[in-house]
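Chain and residue survey
Each chain, written out:
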Amino acid sequence: MFLQFSLKDAVDILLVGLLLYYVYRLMRESRSLNIFIGIMVFLLSWILVSVVLEMRLLGAIMDKLVSVGVIALIVLFQDDIRKFLYNLGAHRRMRLLKQFFSSQQHISQEQQQQKRIVMPIVMAAMQMGKQKVGALIVIERAVSLENIVNTGEVIDAQISQRLIENIFFKNSPLHDGAMIISKRRIRAAGCILPVSHNLDIPKELGLRHRAALGMSQESDALIVVVSEETGGITVAHRGELHLRLSAEELESMLTK
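As the structure is a prediction and not an experimental result, all values here were calculated from the model.

1. A closer look at the environment of Ile39
For Ile39, the position within the fold is in helix H2 (residues 33–52). Residue Ile39 is classed as partly exposed on the basis of its relative accessible area of 21%. Each C-alpha atom of the pair Ile39 and Leu73 lies 9.9 Å from the other, and the pair is 34 residues apart in sequence.

2. A word on the pairing of strand S3 (residues 178–182)
On any regular strand, side chains alternate: one points to one face of the sheet, the next to the other face. Counting buried residues along S3, 5 of its 5 residues qualify, which places the element largely inside the surrounding structure. Side chains Ala178, Ile180 and Ser182 project from S3 onto one buried face, and the interleaved Met179 and Ile181 project onto a second face that is buried too. Where S3 lies against strand S4 (residues 185–191), 4 bridges are found, and the strand directions are antiparallel. Bridge assignment links Ile180 to a residue of S4, and that residue is Ala188. Counted along the chain from S3 to the antiparallel partner S4, the turn is 2 residues long, and its residue Lys183 has a positive phi close to 55°.

3. Looking at the nonpolar core
Ranked by size, the top nonpolar core spans 27 residues in total, and within it Ile137, Ile164 and Leu254 carry the most contacts. Elements with a minimum of two residues in this core: helix H6 (104–131), strand S1 (135–139), helix H8 (161–167), S3, S4, strand S5 (222–226), strand S6 (233–237) and helix H10 (247–255). With 7 residues, H6 is the largest single contributor of residues to this core. Apart from the residues lying within four places of it in its own chain, the contact partners of Ile137 are Ile121, Ile164, Phe168, Met179, Ile181, Leu222, Ile223 and Val224. Judged by nonpolar contacts, the second largest core, of 17 residues, contains Ile180, Cys191, Ala211 and Met215.

4. Points about the sheet that holds S5
Overall, mixed pairing links the 7 strands, which are arranged S2-S4-S3-S1-S5-S6-S7 in an open sheet. Taken across any chain shown, the strands that pair with only one partner, and hence form the sheet edges, are strand S2 (153–158) and strand S7 (240–242). Adjacent strand axes in the sheet meet at a mean angle of 25°, parallel and antiparallel pairs treated alike. Relative to S7, S6 runs antiparallel, the two being bridged by 3 bridges. Bridging from a neighbouring strand, Val235 pairs with His242 of S7. In this fold helix H9 (residues 207–218) packs onto S1, S5, S6 and S7, with an angle of close to 175° to the strand it touches most, S5.

5. Details of H9
Between the first and last C-alpha of H9 there are 17 Å, a value that for 12 residues agrees with the 16 Å anticipated at 1.5 Å per step. With respect to burial, H9 is a largely interior element, 9 of its 12 residues being buried. By the burial criterion, the buried members of H9 are Arg208, His209, Ala211, Ala212, Leu213, Gly214, Met215, Ser216 and Gln217.

6. Describing unusual backbone geometry
Residues other than glycine predominantly adopt negative phi, and peptide bonds predominantly adopt the trans conformation. Of note, Lys132 is a non-glycine position whose phi angle comes to about 55°, a positive value. In this structure, Lys132 sits in the loop between H6 and S1. Relative accessible area serves as the criterion here: at 39%, Lys132 is assigned to the partly exposed category. Within the chain, Arg238 stands out as a residue other than glycine whose phi angle is a positive 55°. Within the secondary structure, Arg238 sits in the loop between S6 and S7. The exposure class of Arg238 is partly exposed, given its relative accessible area of 37%.

Analysis parameters
Residues numbered from 1 in each chain as written. Predicted model: local features only at pLDDT ≥ 70, side-chain atom pairs only at ≥ 80, totals over all residues. Heavy atoms only, no water. Helix = DSSP H or I, 4+ residues; strand = E, 2+ residues; numbered from the N terminus. Buried < 20%, exposed > 50% of the residue type's maximum accessible area, 1.4 Å probe, protein only. Pairing = 2+ DSSP bridges. Core = buried A, V, L, I, M, F, W, Y, C linked by side-chain atoms within 4.5 Å. Contact = heavy atoms within 4.5 Å. Axes fitted to C-alpha atoms, helices over the stretch in contact; angles between N-to-C directions. Expected span 1.5 Å × (residues − 1).

This is how it looks when you write it as structure tokens:
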């Protein structure tokens, strides 16, 4: 009997491949790649024993382990699963569709308003870089940062260059934490961010860069870092660090 292979089977294989690839990326970012490899080895062994060799006793035991193992994986990776579902629910493409159907005049006004927000951040970052004043600015996007806001002092003020520089002034009580910008306002300062434990981060980068990378791995926020040692400007986004940015490059990233 010949094996029948249809377009539906090809789509099925493609979707499974994409799912496995996403799980692989998720495991790699959370430093659980060895667990992913172990799970894949176990699943291949289960298929070999149950389907290919048809070993009933060992297959029945492995069937029970698989049913219990699913619950164990949900408990073990509950934070990663919650992050995936949150990002899926707060997808940014809905906002892009809204902009697509908006009028050109509305888009132009939106761009002007964004520029009034971006420029104070850029100017403050460059000024603090020249003076080698450390800073950590988190710009909220689709994923809510309310839990991070609650770790600091709520400010709820308009975005201005002078206010940003005053908050990160070396003698300021809030200069060691992170500033959260949400809904076009400075929402809070002195906030605590999750720290990345990625071993690939260059050793010359300090705790601010690790906190920025950790925040970018858990949300879709843009995080601007001003190095206290070198004065260099860095942006963290989607688990990546963009180092040594100029004023033009920083403005371009924030505007996009």
